[in-house]
Structure formats: structure tokens, C-alpha cells
Amino acid sequence: MRQRIAFLSEHASPAARLGGEDAGGQNVYVDEIARNLGELGYEVDVFTRRDSLDTPEVIEWTPGVRIVNLMAGPLDRRPKDALWPLMPEFRENLLRFMRRTGTRYDLIHGNFWMSGWVAAELGERLALPVVQIFHAMGLTKQRHQGESDTSPGERIAIERDVIRRIDRLIAQCPSERAELVDDYGADPAQVVTIPSAVNTDVFQPLPQAETREALGLPCDTPVVVYVGRMVPRKGVRNLLRAAALLIQRRQPLTVLLVGGETREPDDAVTPEIGVLRRLATELGIAEHVIFTGKRQRDELSRYYSAGDVVVTTPWYEPFGLTPLEAMACGRPAVASAVGGLTYTIADGQTGFLVPPEDPASLAARLSRLLTDDALRLALGRQARERVEAQVTWPVAARRTAQVYEELFTLAGTPASRFVSASYEMPLEQTIENHYGAG
């Protein structure tokens, strides 16, 4: 019998359009791991929040994978940080779906801290093993964002509680493993490091001249590309300041910025685009900067391939998928030496690492790459080779399946620790009286 996995991802559906503020790496992870688990023979139901009447309850997504859209609060789109009070309803409607359809699961896999809470609740209620990946940790976000952190006040306490209640934690890189163990007190034996990855069929090198012509870009000017969300922490302002330094030194340059909430760049819908436009004007480089708006995954290889170098210099980054996508397209990446970026980029071999919020250091690395064709091409070639050898989604899915199989084996032992003897809380208990208002 094929084992069935409940994959919980309250705000990040595989079916979401990428590029917006709350649609990014987690959506890609859930999509790729689920579909690759389906190819390995598992049945996977991805549970996410329904936000529109136009969205059916169940979507047959890929072979072996369904998306189940659960009611939790009004049918509208909300920032992910506003979804926390809706999690008891999300949990209860998942149970109702199971009862109504007669579906039973062998394991629960939670994504992000809110789904982690639901996963821990259901794991104890149903006596099932639980695997959890946070994608980002509240303490780290608070440390780097300070007062601009919009997470609910309960987040960090709940993350600690989830870690205590579940069976395995997936860390995407060594720095995230250190956060779980050192900041949250996770048992090191509980944590498995499985890097997220890139789809090398979707992301692959394309002829640069052809892609530039198709995108209407100059063929004789170096192009630096940023792909990702347009939010302050991603450090796009840092890129513009570095570009201004290069242009002041008479370095020919075009900066291509791909991302936003809408397909056409809209300052009102994506306020950071307005900030960046004004900054480019103040720096005297507005004519060198192109905003494209949001683009989807199947389009992005053209944008990466049109560039000479890809830049991502966030203040902090739990993992960071866009540098891997750039590397898969044979382009060197220059990135902040923070979080998972220090793991995915081999400094001096597939790209360069620079301090965050340091335009001068970024400009120096860009200048070297843009003026040394042999170095740039060598790093791009080595970047593609590194991705193919180490970080593809089938590899990540097989390693995830190994974690599942270990837990299935343990679950069959008389001393199974998947049933919590201390769990006495009624299912209807609300978040507020369990954790307090925070």
C-alpha cells in the first residue's frame, strides 16, 4: 500500500503565482518535494488555506499529489502574519476532511511555524509521526528586522513548543541547524540537514544574445540581474547603491529587477518598487534600471541567462533559492554572507560572498566579474556543475523519504514515542487560551 503524507502549508500553495510578498521559496519547496515524493510512490495531500470561491476544494496537481484547500476564516487573501488566529479552524477542517472522505495518513509534514503548530496538534491527536521544516525562524527574523518584524508575538514560544512536540526537524543548511540547536534547544539527533534545491530542467543556461534580444535588452552592455520579492529586507537598495558606484566610475551597466506583486511594475501595489525608483533617480542611475514586474518560474531562465551576474544581498536569508536558480542557468551569483547563502554559494568558485548592506564591497566584486570574462564564465560553468551534482529536488525528496521511512520503522516499535501521554487538551481549545495573547 502506498503511504500517504499530509503536507501542511497554510499560506504557501504550490498553485500560487510566485513573486509576491508571501509567495516564494516555501511555495517552491512544497511543490517540488511533494511532486518528487509522488514520483517515489507516496500519496501526498498538500493542505493550504482557501482564499477564493474560484479555488476548488481539491485540485489533482501531479501524479500522486493533491492540493486540498481548507476553509479557515473569510475567503480572502491575507498577509501570512495575519493567519495565526485562523489555525484552530484550519486544524479542525483538516480533521473534518479526513472524516468526510475517509482519508487516513501515515505521517504529517509541517511547513512554517503556523502549520507546525497544526502538525503537532494532529500528530498527538492521531498518534502519527510528524516532520517539521520552519523555512525561517522567528528569533532570527526578530534579530535582523527588529521593529519591522510583523510576526505575531506568540511566534517564538510556539516554535519552541512545536520543536518539543514533533519527531524530526529538517534544516535547510548548517546555519539553520545551528539556530534550531543553539537558539531553540532542539536535540541535535532530532535535526536532519536536507538542503533545498533547484529544478535543473526548468532552470538551465540559454543563449545570452537570444534572450537579450527577446527581452529587449542591450546586447553590448553588461547586465546585472536581481530576481525575487520586492521588500526591504531583500537588499535591492544595496544593489542600486553599488550600481551607482560603478556607473560613476564609467562602468557601462544595466540593472534588471525582476519581481513585485503584479506583472507590470506598480508602485502602489508594490511600495518597494516606488522606493527603488526614487532611489535610482536620486543616485542619477534611473536610465540604467529596468523594472519588469512579476515573472513566473517557467519564464525566469531567460532573465537569469540574459544577465552576466545575478545579485542577491539581503539583510538575512534563511536559505535562498534564487542564487541556486541563477547557478543552474550558468551564471555566477554575488550574495550576502548571511544564512543559507554561505552554504549554497562557494565563495570564489561559483560566485562571491559580500557583507550585507555594503555597497562598496558589492561594487568591487561586480567590477571584477564584469571586467574579467574568463573568470565570469568559469564561475558560471562551475556553478551549474555544483547544482547538478549536489542540489536537485529528486535528491532532496529521496533524503526526505529516508526520514519518513526511519519514522515509520520507529512507529512500529512497542515504545513508540509518537503518542504523547501528556496530551489531554481538548481539540476545541483555542490558540489564545493555550498560549495567551502574547
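Relevant structure appears above.
Residues numbered from 1 in each chain as written. Predicted model: local features only at pLDDT ≥ 70, side-chain atom pairs only at ≥ 80, totals over all residues. Heavy atoms only, no water.

**Thoughts on the pattern of salt bridges**
Per the stated rule, a full pass over the model turns up 30 salt bridges. Between R96 and E92 there is a salt bridge, with its nearest N and O atoms 3.8 Å apart. Note that R96 and E92 are positioned in helix 2 (residues 87–101) at a spacing of four residues, about one turn of the helix. E317 is paired through a salt bridge with K234; the nearest N and O atoms lie 2.7 Å apart. Of this pair, E317 sits in the loop between strand 12 (309–312) and helix 11 (322–328) while K234 is found in the loop between strand 9 (223–227) and helix 8 (236–248), placing the two residues 83 residues apart along the sequence. Pair check on accessibility: E317 and K234 agree, each one buried. (Salt bridge = Lys/Arg side-chain N within 4 Å of Asp/Glu carboxyl O. Helix = DSSP H or I, 4+ residues; strand = E, 2+ residues; numbered from the N terminus. Buried < 20%, exposed > 50% of the residue type's maximum accessible area, 1.4 Å probe, protein only.)

**Side note on the packing of aromatic side chains**
The tally for this structure, following the rule as stated, stands at eight aromatic pairs. Judged by centre distance (6.3 Å) and plane angle (55°), the ring pair of F112 and W113 falls under tilted. The same class applies to F112 as to W113, namely buried. An aromatic cluster is defined as three or more aromatic residues linked by ring pairs; in this entry it consists of W84, F112, W113 and W117. Over the ring of Y316 we find R233, and its NZ or CZ is 4.8 Å from the ring centre. Positioned above the aromatic ring of F352 is the side chain of R365, whose terminal nitrogen or guanidinium carbon lies 4.2 Å from the ring centre. (Phe/Tyr/Trp six-rings, centres within 6.5 Å; stacked < 30°, edge-to-face > 60°. Lys NZ or Arg CZ within 6 Å of the ring centre and 35° of its normal.)

**Structural notes on a nonpolar patch on the surface**
On the surface, L53, M71 and L75 cluster together into a nonpolar patch covering about 270 Å² of accessible area. Tracing the backbone shows L53 in the loop between strand 2 (43–49) and strand 3 (58–62). Taking relative accessible area as the criterion, L53 reaches 67% and is therefore assigned exposed. (Patch = residues over 30% accessible without salt bridge, like charges linked within 9 Å, V, L, I, M, F, W, Y side chains within 5 Å. Areas by Shrake-Rupley, 256 points an atom, 1.4 Å probe, with all protein chains shown as cover.)

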